[in-house]
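So the chains spell out like this:
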Amino acid sequence: MNGTLINDMFSGRELFIYLPPSYQSGRKRYPALYVHDRGDLFDPGFSDSLERIEHFCERGEMPELILIGVASADRENEYTPFRQPHVKKTDHIYGGNGALYAAFLAKQLKPFIDRSYPTDGSRENTGIIGKSFGGLISMYTACLHPETFGKIGSLSGSFWFQGITEYMRSQSFENANLRIYMDVGSTEGTDRENLQKEMIPRTKEAFRILIENGVSPEDLKFVIDEGGAHRLERFTKRFPEAVKWLFAGS
């Protein structure tokens with residue numbers, strides 16, 4: 001890896017930031033991609049995602065970009081759009097504070113990042129991505145703040161979550177310069193008896209809703225990871241290709 005990794009803080013929240021190799025020149029402004037779960041999808045401690053992304057950049061297949069990993073102390077509260085009963089713990093609920101988290105990203109964190117780092121700042125060069133609940137909140141944030149995020153990535157997004165596909169049906173996705181990447185593993189949910197057993201069919205339903213509600217087919221990509229389970233190593237394997245598809249041509 002030739003870029004630089006730094007730790008930063010904003011509003012009491014840890015940020016894990018990747019700066020590309022040419023950053024030190026100070027002559028460019030970069031696309032920015034916000035990554036949930038403190039950026040575990042690109043953390044070198046878990047995978048070679050950054051090396052692969054840098055390889056794509058060196059070959060001119062995508063532009064260099066800044067990655068902002070955003071930590072969460074309570075992802076089941078922040079990454080869920082509605083209050084719902086927990087599918088595993090009968091004495092717990094999903095907090096449903098996704099709208100507050102989305103507003104924090106769009107209205108507080110992004111302006112801070114744009115002031116502090118040489119980001120492009122435009123909607124078409126600003127993305128948000130995550131896996132599992134992080135994929136769910138990425139899609140929900142896209143609905144709430146379409147003026148801010150133009151690149152949306154959902155890796156094995158938790159579309160089994162009650163109410164999300166119904167909510168998506170009420171939304172319009174007819175926005176210029178919008179690109180959405182979605183994927184799911186072919187074995188996800190097959191070992192569950194709760195709502196998570198709907199992982200694959202609900203993800204396919206969400207994809208159909210996007211088409212029906214205005215996303216241009218050429219701006220929407222859906223991948224089935226054959227043999228893929230709901231595991232970090234599968235998510236990190238798909239992450240670089242997802243980022244390349246979202247930002248190619250930017």
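Every value quoted in this text rests on a predicted model; they were computed, and no experiment measured them.

Requested: an account of helix α7 (residues 232–247), with residues and values cited.
Along its 16 residues, α7 runs 22 Å from first to last C-alpha, staying within 8% of the 22 Å computed at 1.5 Å per residue. Its maximal kink placed at phenylalanine 239, α7 deviates by approximately 35°, while the proline proline 240 follows within four residues. All of the buried residues in α7 are Phe235, Thr236, Arg238, Phe239, Pro240, Ala242, Val243, Lys244, Trp245, Leu246 and Phe247. Buried positions along α7 lie against β3 (32–35), α1 (49–58), β7 (126–131), β8 (151–155), β9 (179–185) and β10 (220–225). Immediately downstream of α7, the backbone of glycine 249 shows phi near 90°, a positive value.

Please set out helix α3 (residues 98–116) residue by residue, giving values where relevant.
Here α3 contains 19 residues, and its C-alpha end-to-end distance of 25 Å stays within 8% of the 27 Å for a straight helix at 1.5 Å per residue. Of all the bends in α3, the largest measures some 40° and sits at leucine 109, one to four residues before the proline proline 111. Of the positions making up α3, those classed as buried are Gly98, Tyr101, Ala102, Phe104, Leu105, Ala106, Leu109, Lys110, Phe112 and Ile113.

I'd like a description of the pairing of β7, backed by residues and values.
Burial runs high along β7: six of the six residues are buried. Neither face of β7 is open: one carries Thr126, Ile128 and Gly130, the other Gly127, Ile129 and Lys131, and all of them are buried. Looking at chain direction, β7 and β8 are connected through five bridges and run parallel. Its bridge partner being in β8, isoleucine 128 is matched across the sheet by isoleucine 152. What joins β7 to β8 is helix α4 (residues 133–144), and the crossover it makes is right-handed.

Calculation rules
- Residues numbered from 1 in each chain as written.
- Predicted model: local features only at pLDDT ≥ 70, side-chain atom pairs only at ≥ 80, totals over all residues.
- Heavy atoms only, no water.
- Helix = DSSP H or I, 4+ residues; strand = E, 2+ residues; numbered from the N terminus.
- Expected span 1.5 Å × (residues − 1).
- Bend = angle between axes of the 7 residues up to and from the residue.
- Buried < 20%, exposed > 50% of the residue type's maximum accessible area, 1.4 Å probe, protein only.
- Contact = heavy atoms within 4.5 Å.
- Pairing = 2+ DSSP bridges.
- Right-handed = clockwise from strand over helix to strand, strands pointing away.

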